[in-house]
Amino acid sequence: MNFHEAKEKYRIIFEDCFSCAENAFPAKGLSLKITRIDNQAINYYEAHRGGFSMDWKALFQKQLNARAKSITIAIWDGKTLVGLALGKVSKARNLVSFSYIESNSNYCGELSGQVITIVTLVGMEVGKHVNASYIALHDPVNTRVENYYAKLGYKKCFLYGIRRSMFFKI
């Protein structure tokens, strides 16, 4: 299977996982929509940069053709972009990892504080599809974030002695 065929295969898997995660999210009746990061998400980000501290346009461009198993996630409440995440499925498919996750700090609706829960739901669904054992969140920004992830069931681990990661058993 060439790169483009693999990318299309995983695009279909990821979109199915987005739909499953939307259905699994406990707060029914919200206008939650999970999509890939696309031009609509980047355009929203560009118009509302104040709510985000990372350069998502650059991160997205870097990830776009990096690997077929790259996961890009845009979380929406109606027409409002609530959060973004970038990750990947490992080569051995035993790990679904996310290196970048950010909430829109200007958003204060029903999904406030739920971005990591939604990313975890997507990670669990992807993990089921590829038979992964763990979700990893790499390099949490500070101890407060690490503690929050721990409350959600993530365990701290150091990869290669240098990279701080939080792991969740699927």
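Structural data are supplied above this passage.
Residues numbered from 1 in each chain as written. Predicted model: local features only at pLDDT ≥ 70, side-chain atom pairs only at ≥ 80, totals over all residues. Heavy atoms only, no water.

Draft legend 1. Just the nonpolar core, in detail. Counting 34 residues, the largest nonpolar core has I73 and F98 as its most contacted members. Sorting the residues of this core by element identifies helix 1 (3–24), strand 1 (32–35), strand 2 (70–77), strand 3 (80–89), strand 4 (95–103), helix 4 (115–130), strand 5 (134–138) and strand 7 (163–169) as the ones contributing at least two each. With eight residues, the top contributor of residues to this core is helix 4. Excluding anything up to four places from it in sequence, F98 contacts I71, I73, A85, L86, G87, V119, G123, I135, A136, L137 and H138. Formed by 14 residues, the second largest nonpolar core is a distinct cluster that contains I37, A41, F60 and W76. (Core = buried A, V, L, I, M, F, W, Y, C linked by side-chain atoms within 4.5 Å. Buried < 20%, exposed > 50% of the residue type's maximum accessible area, 1.4 Å probe, protein only. Helix = DSSP H or I, 4+ residues; strand = E, 2+ residues; numbered from the N terminus. Contact = heavy atoms within 4.5 Å.)

Draft legend 2. Quick peek at the pattern of salt bridges. Tallied over the entire structure, the rule returns nine salt bridges. A salt bridge links R49 to D55; its shortest N-O distance comes to 3.5 Å. Relative accessible area serves as the criterion here: at 40%, R49 is assigned to the partly exposed category. For D55, a relative accessible area of 38% translates into the label partly exposed. Of the charged contacts, one joins E125 and K128 as a salt bridge, the two residues approaching to 3.4 Å between their closest N and O atoms. (Salt bridge = Lys/Arg side-chain N within 4 Å of Asp/Glu carboxyl O.)

Draft legend 3. Representation of helix 2 (residues 39–47) in the model. Looking only at helix 2, the buried set comprises A41, I42, Y44 and Y45. Axial view of helix 2: buried residues confined to an arc of 160°, hence all on one face. Along helix 2, the residues that are exposed and aim more than 90 degrees away from the buried face are N39, Q40, N43 and A47. Buried residues along helix 2 sit against helix 3 (56–64), strand 2 and strand 3. Structurally, the start of helix 2 carries an N-cap: the backbone nitrogen of Q40 is 3.1 Å from a side-chain oxygen of D38. (Arc of directions from axis to C-beta. Polar contact = N/O pair within 3.5 Å; in protein donor to acceptor, adjacent residues only side chain to side chain.)

Draft legend 4. Seen up close, the packing of helix 2 against helix 3. The contact between helix 2 and helix 3 brings their axes to 10 Å, and the two run at 155°. The orientation of helix 2 relative to helix 3 falls into the category roughly antiparallel. In this structure, helix 2 uses I42, Y45 and E46 to contact helix 3, whose residues at the interface are W56, K57 and F60. Looking at the contact of helix 2 with helix 3 residue by residue, the class counts come to four nonpolar, no polar and two charged. (Axes fitted to C-alpha atoms, helices over the stretch in contact; angles between N-to-C directions. Parallel < 35°, antiparallel > 145°, perpendicular 65-115°, else oblique. Nonpolar A, V, L, I, M, F, W, Y, C, P; charged D, E, K, R; others polar.)

Draft legend 5. Representation of the pairing of strand 2. Of all eight residues in strand 2, eight are buried; the element is thus mostly enclosed. Of the two faces of strand 2, the one holding S70, T72, A74 and W76 and the one holding I71, I73, I75 and D77 are both buried throughout. With four bridges connecting them, strand 1 and strand 2 associate as antiparallel partners. Across the sheet, residue K33 finds its bridge partner in strand 2, namely W76. (Pairing = 2+ DSSP bridges.)

Draft legend 6. Unusual backbone geometry, seen in detail. The phi dihedral of N131 falls on the positive side, at around 65°, and the residue is not glycine. The exposure class of N131 is exposed, given its relative accessible area of 65%. At D139, a position not held by glycine, the phi torsion is positive, near 50°. Tracing the backbone through its elements, the reader meets D139 in the loop between strand 5 and helix 5 (143–151). Judged by its relative accessible area of 37%, D139 falls in the partly exposed class.

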